[in-house]
Amino acid sequence: MVKRVFNFGPGPAALPLEVLKVAQEELLDYRGTGMSILEISHRSPEYEDINNQAISLMRELMGVGENYHVLFLGGGASTQFSMIPMNFLPQGKVGAYVDTGTWSAKAIKEAEKLGKVEVVASSKGDKYSYIPKDIKAPNGAAYLHITSNNTIAGTQYQDMPDTDVPLICDMSSDILSRRRDFGKFSVIYAGAQKNIGPAGCTAVIIRDEMLAKCPDSIPTMLNYKTHAKEKSLYNTPPAFAVYIVKLVLEWVKKQGGVSAIEKVNAKKKDVIGGLIDQHGDYFKGTVQQASRSWANITMRLPTEDLEKKLIADAKAAGFIGLKGHRSVGGIRVSLYNAMTLEGAEKLAAFMLDFMKKNPK
Ligand SMILES: *Cc1c(COP(=O)(O)O)cnc(C)c1O
């Protein structure tokens, strides 16, 4: 038996065991080719098939049509912070941003280097502990950029804002984890390494009419049009990462799609969120309950020493990745799609037991 821990890490994060097993089985001889998918040409029919299937599975799971292009790019979600304004923020226009955490702030910083930015709502003054309401982009804004789940702060949009301008969303840490009206967005991007695959691949889902806006003056590799036209095969794509993404998307479909995944995720967040709701004097939530993320649940314990002890004891018991981001400290429980309900329940039982043994 292979030893597997319960991995609550924030990313790169746990992958479904079934996916890892298929990858292992196919690693040395991919479907009779006598080659690993790591060694195969990205122009081969085998890779083309993987790429096409990943694209159509993404569309199918999101419930969007062929008017959406699905791209698999390198550079991480962080490169999208620059590509978005390069492609969509022309001179004389304003890019509207909502500042709900570290990643939003980074997106804003990059856009400010390239054009005019207006931060239309922010929870920064309140330690990013909530998602602002009544978000409005100014008339004629080039786009409204939001971050659906704030991986570090632990907040998440429960409903998406309504807007007349193109809506652009960084979904790195909650893509395909809850039902969303994906057709509402002009651009969605996500580093794969939290919910849909390994590091090295960033999914960009982009509506057709946005491509007409991409200026020819920007570098070829940073132009969405290049990658949309070539189905992400303009140059060598992160082929192995895309292959794993394809396997994860097949797994999501096998679970029953996003709505079935959402049901499990709702239970997981109730199990861990319940610690805060029922024992809030020990497990102190760091965000407003109405904005609490399903994907990254953040809390403080009565003392930093207790936090350190919890992290160490949990690791010894087979629960890893619970340390809060170095910028905020505390405890963070990441409950991405590949974490099982069983894992969440076992962790909750462990934490309750820890509370009893280590009173404040
Ligand atoms: C992790 C994360 C990023 C950064 O992703 P990279 O792929 O490392 O660049 C950006 N946005 C959000 C919301 C994240 O969770």
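Up top you'll find the structure we're talking about.
The following refers to the structure shown. Just so it is clear, the structure is predicted and the values come from calculations on it, not from any experiment. Each chain has its residues counted from 1, running along the sequence as written. The predicted nature of this model means local features are confined to residues of pLDDT at least 70 and side-chain atom pairs, given and counted, to a pLDDT of 80 or more, with totals for whole chains, interfaces and linings taken over all residues. To obtain the side-chain values, all non-hydrogen atoms of the structure were used and water was disregarded.

Regarding the sheet that holds strand S11 (residues 284–285)
Should DSSP find at least two bridges between two strands, the strands are regarded as paired. Strands are runs of DSSP state E lasting at least 2 residues, helices are runs of H or I lasting at least 4, and numbering of each runs from the N terminus. Across the sheet, three strands lie side by side as S11-S12-S14; this open sheet has antiparallel pairing. The outermost strands of the open sheet, each flanked by one partner alone, are S11 and strand S14 (331–334).

Side note on a nonpolar patch on the surface
Where nonpolar side chains cluster on the molecular surface, the patch consists of Leu27, Leu28 and Leu38 and spans about 320 Å² of accessible area. Note that Leu28 resides in the loop between helix H1 (17–26) and helix H2 (45–62). A relative accessible area of 71% means that Leu28 is categorised as exposed. Like-charged residues within 9 Å of one another, or nonpolar side chains (Val, Leu, Ile, Met, Phe, Trp, Tyr) within 5 Å, are grouped into patches, provided each residue has over 30% relative accessible area and no salt bridge. Every accessible area reported is derived by Shrake-Rupley at a probe size of 1.4 Å, with residue values counting cover from the shown protein chains alone. Criterion for a salt bridge: a side-chain nitrogen of Lys or Arg within 4 Å of a carboxyl oxygen of Asp or Glu. In this scheme, a residue with accessible area under 20% of its type's maximum is buried, one over 50% is exposed, and one in between is partly exposed, where area comes from a 1.4 Å probe on protein chains only.

Some remarks on the pairing of strand S8 (residues 167–170)
With burial as the criterion, each face of S8 is covered, one bearing Leu167 and Cys169 and the other bearing Ile168 and Asp170. Relative to S8, strand S5 (residues 143–147) runs parallel, the two sharing four bridges. From the neighbouring strand, Thr147 faces S8, where its bridge partner is Asp170. Alignment of S8 against strand S9 (residues 187–191), held across three bridges, turns out to be parallel. In the strand pairing of S9, Asp170 is matched with Tyr189.

Focus: the pattern of salt bridges
Taken as a whole and assessed by the stated rule, the structure comprises 15 salt bridges. Between Glu250 and Lys246 there is a salt bridge; the shortest N-O distance is 3.3 Å. Of this pair, Glu250 and Lys246 are both found in helix H7 (residues 239–255), four residues apart, which corresponds to roughly one turn of the helix.

What about the sheet that holds strand S3 (residues 94–99)?
On the basis of which strands lie adjacent, the open sheet formed by seven strands has the order S2-S10-S9-S8-S5-S3-S4 and mixed pairing. The outermost strands of the open sheet, each flanked by one partner alone, are strand S2 (68–73) and strand S4 (116–122). Each strand axis lies, on average, 20° off the axis of its neighbour in the sheet, ignoring direction. Two strands pair when backbone bridges link them, and S3 and S4 are joined in this way by six bridges, in the parallel orientation. Pairing of Ala96 across the sheet is with Glu118, part of S4. Together, S2, S9 and strand S10 (202–207) form the strand contacts of H2, whose direction differs from that of S2 by roughly 125°. Lines fitted to C-alpha atoms define the axes, with helix axes restricted to the stretch in contact, and inter-axis angles between N-to-C directions lie between 0 and 180 degrees. Contacts are assigned to residue pairs with any non-hydrogen atoms lying within 4.5 Å of each other.

Focus: helix H4 (residues 102–114)
In this scheme, a helix's expected span is set at 1.5 Å multiplied by one less than its residue total. Between its first and last C-alpha, H4 extends 19 Å over 13 residues, near the 18 Å set by a 1.5 Å rise per residue. Among all positions in H4, only Ser104, Ala107, Ile108 and Ala111 are buried. For H4, the arc enclosing every buried residue in end-on projection is 100°, short of the 170-degree limit, so these residues lie on one face. Exposed side of H4, more than 90 degrees from the buried face: Lys109 and Lys113 are the residues found there. Its buried side turned inward, H4 meets helix H3 (76–88), S3, S4, S5 and strand S6 (149–150). Starting at the helix axis, one direction is taken to each C-beta atom, and the arc is that of these directions.

Details of the site of the ligand
Note on definitions. A residue lies near a molecule or strand when any single heavy atom of the residue is within 4 Å of it. In the region of the ligand, 13 residues are neighbours, and Ser78, Thr151, Asp170, Gln193 and Lys194 sit closest. Polar contact is defined as a pair of N or O atoms within 3.5 Å, subject to the rule that within protein one atom must be able to donate a hydrogen and the other to accept it, and that residues adjacent in sequence are counted only when both atoms are side-chain atoms. Measuring from an oxygen atom of the ligand, one finds a backbone N or O atom of Ala77 at 3.0 Å. Here a nitrogen atom of the ligand sits 2.7 Å away from a polar atom, N or O, in the side chain of Asp170. For the ligand, whose accessible area on its own is 390 Å², the fraction buried by protein is 87%.

Concerning the state of the cysteines
Here, two cysteine sulfur atoms that lie within 2.5 Å of each other are counted as a disulfide. Applying the stated criterion across every chain, the model contains zero disulfides. Residue Cys169 stays outside any disulfide, its sulfur separated by 17 Å from that of Cys201, the closest cysteine.

Here's the deal with the environment of Tyr189
Assignment of secondary structure puts Tyr189 in strand S9. Tyr189 gets classed as buried once you look at its relative accessible area, which sits at 0%. C-alpha separation for the pair Tyr189 and Ile84, spaced 105 residues apart in sequence, amounts to 9.8 Å. If near-sequence neighbours (up to four positions away) are discounted, Tyr189 is found in contact with Ala77, Gln80, Phe81, Ile84, His145, Ile168, Cys169, Asp170, Met171, Ser172, Ala203 and Val204. A polar contact is formed between the side chain of Tyr189 and the side chain of His145, at a distance of 2.7 Å.

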